[in-house]
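Okay, here's what each chain looks like letter by letter:
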Amino acid sequence: QVQLVESGGGLVQAGGSLRLSCAASGRTSSSYTMGWFRQAPGKEREFVAAITWSGGRTYYASSVKGRFTISRDNAKNTVYLQMNSLKPEDTADYYCAAVRDYTGVYYSRRTSDYDYWGQGTQVTVSS
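Scope of this entry: the structure provided in the associated data block. None of these values were measured; they are calculated from a predicted model.

## Some remarks on the side chain of Thr-78
Here Thr-78 is to be found in strand β8 (residues 78-83). A relative accessible area of 12% means that Thr-78 is categorised as buried. Here the side chain of Thr-78 touches Lys-76 through a polar contact of 2.9 Å, landing on its backbone oxygen.

Structural data, given as structure tokens:
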């Protein structure tokens, strides 16, 4: 089992920045690909970014590419999402998720492929 706890959400003006953190505990000795997803009110949860266990590969939704950066510090069991140039349409609850990575290069954009989820952190971007 892996437990995930997000932090760093809040209220920010358009054009501003936030850094989200996701701290993992439990069976963190295994290799996990980590993902960030978000869910706006009345909408489906959607993929934002993912990073493989080694950190060697990162993936982004087209809507955030160039503005958001995912990174990880395996020594601290923490994954980060640096969000710059925020827009009102980025307003959502942000969730981190984990899935076992047996190959070193696995990732997915589908929520159903992830085994563990955090409780979410709210991000509100005002115009």
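## Brief notes about the pairing of strand β7 (residues 68-73)
Successive side chains on a regular strand alternate, one facing one side of the sheet and the next facing the other. Side chains Phe-68, Ile-70 and Arg-72 of β7 all project onto a buried face; the interleaved residues Thr-69, Ser-71 and Asp-73 project onto a face where none is buried. The sheet contact formed by β7 and β8 spans 6 bridges and is antiparallel. From the neighbouring strand, Ser-71 faces β8, where its bridge partner is Tyr-80. A loop of 4 residues connects β7 with β8, the two strands running antiparallel in sequence, and Asn-77 in this loop sits at a positive phi of about 55°.

Criteria and cut-off values
Residues numbered from 1 in each chain as written. Predicted model: local features only at pLDDT ≥ 70, side-chain atom pairs only at ≥ 80, totals over all residues. Heavy atoms only, no water. Helix = DSSP H or I, 4+ residues; strand = E, 2+ residues; numbered from the N terminus. Buried < 20%, exposed > 50% of the residue type's maximum accessible area, 1.4 Å probe, protein only. Polar contact = N/O pair within 3.5 Å; in protein donor to acceptor, adjacent residues only side chain to side chain. Pairing = 2+ DSSP bridges.

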